Amino acid sequence: MRLYKRQWYIPYLFIAPFVLSFLIFFVVPTVYSFALSFAKYPGYGVVKWIGTKNYYNILHYSRFWDALGRTMFYWIAKFIPVTVISFMIAVCLKSSLLGRISKVYKPILFMPQVCAVTASALIFGLIFANQGGVINSLTGTTFAWTESATWSKWVVLLMMGWRGVGWFMVVYLSGLTSINPEIYEAARIDGANAAQSLFHITVPLMKQTFLFAFIMDAISSLRMYTEAAVLTGNAGGNASAVAEGLLNLLMTNLNSGNFGMACAYGWIIFVIVCVVSMAIFVSMKEKEDA
Amino acid sequence: MKQSSLSKLLLHCFILLMCLLAIYPVYIMISGVFKTASEIALNPGGLPSSLSLKNFERLWSYNSGSILRSYGNALFVTFLHTALTIGLSSMAAFAFAKYRFRGSKWMFLFLMATMMIPMELGITPLYIMFSRIGWLNTYVVQIIPFSANVFAMFMIRQYMNSIDNALLESAIIDGASHLRTFTSIMFPCCKPVLGATALLVALSKFNDYLWPKIMVTDAAHTPIMVILPTMSEKTDIFVIPKELVMTGCAIVIIPLIILFICLQNVFMSSVTIGSVKG
C-alpha cells in the first residue's frame, strides 16, 4: 500500500515473529544437521569430525539397503493397485449413472484418510493379531502376521493402501473435473463408446494428475514412519527390522544417541526424495515432448 | 436400455464393496468397544453381545487416569499450537500480500522453496537443542516449534491477495493504525480461510505421532496419540487389553469422523492443495 511508504519498517514488524520462529526451528537446525552429519557426537563431550564416514557406514550397511528397498516396495506396490481402484471409483462417482447417491459414497470412501494413523495402525494390529485377531479367528490359525519376515510388510502396505484410496480418489476426482465435458460430447458424436473415451480421452488428459499423485505418494512413502512403528513396533517404539522404512532407521539412531548418524540418514532421505521426484518429473516431461 | 441398467448395477456393487472395505476396520473398532476381553478373544470379528459402555469407564480409570489426562494434553497442545501458528502466519501473510518492501519477493520465494525440505532433517539438532535448554518433556516443545508454517502462510496470503486494497486504504484514511487495520479489517475478512487453515493445522498436530514420541517421554505431558500404542506394549502387561485399546481408538477417531462429516469440504480440499498426506 502506497500510504504506508513513510513507515518502511511496518511490514518487517509483521513478518518478524514468523521469520524468527522459522529461523530458530527450521533454518538453524537444518544447517546444523548438515554439519553434524560429518561428525560423531553422542550428545555430550566434544564433536569429533569424521568426514564422510557416517555416509560411508550407512551405504555399507545392509539394513539401510533393506529399508530402502522396502520403502520402494511400499511406494510402488501401493501406488499401482490403489491408483487403479481409486481411479475407477473416481470415474464411477463422476459418471451420471450413479446419480445423487454418489454424494453419500464419497465421504464414506474418504473416511479412512480421516482416521488418525496411530489409531488405524492399532486397529489393523487387532485385525492381524496372532491371538484373537480377526483374520486368524476366521481362518482358525494363530499366525503372527506382524512379526513375520514376509508378511509384516504386506500388513503395513494394506493399511497404507486402505488409508490411501480416499486421498487418491479426491485427487483424481479433481483431475476429472478439470476436463472439458465438450470433448466427451464431440467423441460421442464421432461414435466413440464409453471405454474408448475413457482410455483415449480421460487417461491421457489426466497425465498431469497422475504425475502429481505419483510424486506426492513417493515423498510420503519415503517419509513413512508411524505405520511401521505402531503396527510392528516393540516397546521402545522402534519398528521391527522386517517392516521398517528409512525414517524408522533415523529414529533408531536418534534414540540410541548416534546423532551424527541420524543427521546423515536425514540428508540421505532428502537426497532420495529430490532425485526421485526430479526423475519422475523429467521422464514424464520427455514423454510429453516426444 | 437393458444394458445400461446392468452396468448401473455393476457400478453400484463395485462402489458398495469399496465402501464396505473402507468401513470394515472402523466397524471392528466400534464392535470392540462393546466387547469384553474374553468376547474379543473368542469372536473378534463378530457383533458384540451387549451394548454396555463399561469399557469407557474402565478406560477412564486405566493406569490411574492417564488416558483422560493425555487426551486433555492433546487438546490443550493442539489448541495453543494452532492459535500461535495462525497468529504468526496470518501476520506474515498480511505483510506479503499487502505491502511492498525490500526483499519481500525473494523472501517469499525462499520460504516456498523450503516447503520441499522435510522436517526430519532438523529433528536431531532440535532434540540436542531442546535437551540443553530443558524443553524436553514440556508442553512448550509441543506448542512453539513449527509455528512458522509456510503452508498456512501461503494459503492465507492467497486469500488476502483477493481482498480489495480500497477497503484497507479507507481504514487508514479514517486514522486506523497498521495493527488495527490488520486486526479489525483484514482478520474478519479472512475468516473462511483462517478457519480452514486452522482446522488443517490442528488436525496435523492432533494426529502427529513422531514429534511427541521423540520429545516427550514423561507421561504427564504426553498426548493421546503416543499413549495409545503403549497400551499394547508387551513389557509391563502380558495380556494386551484389546477392548481398551479399541475404546481408546474410538475416542480419538469418532470425534474426527464427526468433524469430517460436518466439514467435508475443508478435509477434502487439503488433498488437492497438496500439503498434507498423512
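Here, the structure is the one placed above.
The rules behind the values
Residue indices follow the written sequence of each chain, beginning from 1 at its first position. All chains are assigned letters beginning with A, and all ligands numbers beginning with 1, in the order in which they are written. With pLDDT at 70 or above as the cut-off, local features in this predicted model cover only qualifying residues; side-chain atom pairs require 80 or more to be listed or tallied, and sums for whole chains, interfaces and linings still use all residues. Here the side-chain values reflect all heavy atoms present in the structure, with hydrogen atoms and water set aside. Under the scheme used here, helices are H or I runs from DSSP no shorter than 4 residues and strands are E runs no shorter than 2 residues, and both carry numbers assigned from the N terminus. What a helix is expected to span follows from its residue count: subtract one and scale by 1.5 Å. When a residue's accessible area, from a 1.4 Å probe over protein chains only, is under 20% of the maximum for its type it is buried; when over 50% it is exposed; and in between it is partly exposed. Directions from the helix axis toward the C-beta atoms define the arc. Counting of polar contacts relies on pairs of N or O atoms within 3.5 Å, with two restrictions inside protein: one atom must be capable of donating a hydrogen and the other of accepting it, and residues adjacent in sequence are counted only when both atoms are side-chain atoms. We call two residues in contact when some of their heavy atoms are within 4.5 Å. In this description, buried area is defined as the sum, over both parts, of the accessible area (probe of 1.4 Å) that is lost when the two are combined. Salt bridges are identified by distance alone: a Lys or Arg side-chain nitrogen within 4 Å of an Asp or Glu carboxyl oxygen. Three classes are used, and their members are as follows: Ala, Val, Leu, Ile, Met, Phe, Trp, Tyr, Cys and Pro are nonpolar, Asp, Glu, Lys and Arg are charged, and the others, Gly among them, are polar. The way it works is a 1 Å grid over only the protein atoms, where trapped points that fit a 1.4 Å probe form a cavity and open points with protein on both sides within 12 Å along at least five of seven lines form a pocket, and then any residue with an atom within 4 Å of a point lines it. Grid points are joined across faces, edges and corners, and a volume is the space filled by probe spheres set on the points.

Undergrad: How should I be thinking about helix H9 (residues 194-205) of chain A in this particular structure?
TA: Spacing of three or four residues puts side chains on the same side of an α-helix, whose turn is 3.6 residues. All names here are of chain A. For H9, which comprises twelve residues, the first-to-last C-alpha distance of 15 Å matches the rise-based estimate of 16 Å (1.5 Å per residue) to within 8%. Within the span of H9, buried status applies to Ser197, Ile201 and Thr202. Angularly, the buried residues of H9 cover 85 degrees about the axis, an arc narrow enough to put them on a single face. Facing away from the buried side of H9 by over 90 degrees, the exposed positions are Phe199 and His200. Where H9 begins, one side-chain oxygen reaches toward the backbone nitrogen of Ala195, 3.3 Å away; that side chain belongs to Asn193.

Undergrad: Before we go on, may I ask you to explain the interface of chain B and chain A in this structure?
TA: Accessible area lost upon the coming together of the parts serves often as the stated size of an interface. Taken together, the contact pairs 100 residues of chain B with 92 residues of chain A. Both sides of the chain B and chain A interface together cover about 8600 Å² of buried area, and 80% of this is carbon and sulfur. Seen at the junction of chain B and chain A, the total is one salt bridge. Across the contact surface, chain B and chain A share ten residue pairs in polar contact (both at pLDDT 80 or more). Broken down by element, the side of chain B that touches chain A gets its largest block of residues, 18 residues, from helix H1 (residues 2-33) of chain B. Of the residues in the side of chain B that touches chain A, the class split is 69 nonpolar, 19 polar and twelve charged.

Undergrad: How should empty space enclosed by the protein be read in this particular structure?
TA: Taking a probe equal in size to a water molecule and rolling it over the atoms shows the remaining empty space. All names here are of chain B. Per the counting criterion, the structure on display carries two cavities of 30 Å³ or more. Volume-wise, the largest cavity comes out at about 80 Å³. When residues of the lining of the largest cavity are traced back to their parent elements, those giving at least two are helix H4 (66-98), helix H11 (191-207) and helix H12 (210-215). Top contributing element to the lining of the largest cavity by residue count: H4, with three residues. Residue classes in the lining of the largest cavity are distributed as six nonpolar, two polar and two charged. Taken as a whole, the second largest cavity holds about 40 Å³ of empty space. Split by residue class, the lining of the second largest cavity holds seven nonpolar, two polar and no charged.

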